[in-house]
Amino acid sequence: MTRERKKYSKEFKLEAIRMYENGERSASEIERELGITNGLVGKWRQELNRQPKKDEAFPGNGRLTDTEARIR
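To keep things clear, this report deals only with the structure shown in the data block. (Residues numbered from 1 in each chain as written. Predicted model: local features only at pLDDT ≥ 70, side-chain atom pairs only at ≥ 80, totals over all residues. Heavy atoms only, no water.)

### Brief notes about the nonpolar core
No. 1: Residues Ala16, Ile17, Met19, Ala27, Ile30, Ile36, Leu40, Val41, Trp44, Leu48 and Ala57 constitute the largest nonpolar core, which totals eleven residues.
No. 2: Counting residues per element, the ones that place at least two in this core are helix H1 (10-21), helix H2 (27-34) and helix H3 (40-50).
No. 3: The greatest single-element share of this core, amounting to four residues, is contributed by H3. (Core = buried A, V, L, I, M, F, W, Y, C linked by side-chain atoms within 4.5 Å. Buried < 20%, exposed > 50% of the residue type's maximum accessible area, 1.4 Å probe, protein only. Helix = DSSP H or I, 4+ residues; strand = E, 2+ residues; numbered from the N terminus.)

### Structural notes on the side chain of glutamate 31
No. 1: Inspection of the secondary structure assignment puts glutamate 31 in helix H2.
No. 2: Despite being buried, glutamate 31 has no salt bridge partner; arginine 32 is the closest side chain of opposite charge, sitting 7.3 Å away. (Lys, Arg positive; Asp, Glu negative; His and termini not counted. Salt bridge = Lys/Arg side-chain N within 4 Å of Asp/Glu carboxyl O.)

### A short note on the environment of alanine 57
No. 1: For alanine 57, the position within the fold is in the loop between H3 and helix H4 (66-71).
No. 2: Since its relative accessible area comes to 1%, alanine 57 is described here as buried.
No. 3: Put simply, alanine 57 and leucine 14 are 43 residues apart on the chain and 9.3 Å apart in space, counted from C-alpha to C-alpha.
No. 4: Those residues within four positions of alanine 57 in sequence are excluded, and the remaining contacts are Lys10, Leu48 and Gln51. (Contact = heavy atoms within 4.5 Å.)

### With respect to H2
No. 1: Where H2 is concerned, the buried positions are Ala27, Ile30 and Glu31. Down the axis of H2, the smallest arc covering the buried residues is 100°, so these residues share one side.
No. 2: Those residues of H2 that are buried lie in contact with H1 and H3.
No. 3: Backbone geometry just after H2 places glycine 35 at a positive phi near 75°. (Arc of directions from axis to C-beta.)

### Comments concerning the pattern of salt bridges
No. 1: Overall, the coordinates contain three salt bridges when judged by the stated rule.
No. 2: Of the charged contacts, one joins glutamate 15 and arginine 18 as a salt bridge, the two residues approaching to 2.4 Å between their closest N and O atoms. Separated by three residues within a single helix, glutamate 15 and arginine 18 lie in helix H1, roughly one turn from each other.
No. 3: On the accessibility criterion, arginine 18 (33% relative accessible area) is partly exposed.

Rendered as structure tokens:
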């Protein structure tokens, strides 16, 4: 039996990160409240911080950021 992976929208991820960065709650509280796997908020923050252009973060399933597309 395989479980389908949940997909979260860019807006959902950014809102979870915003709640954490504003100090509203700890990452584990946010993850528990939103029903997401432990460690995802931290992973999403790292992914966001790796992007030179914040608006290119979380491009979606199989999509390239504008920068990556130009390089290709």
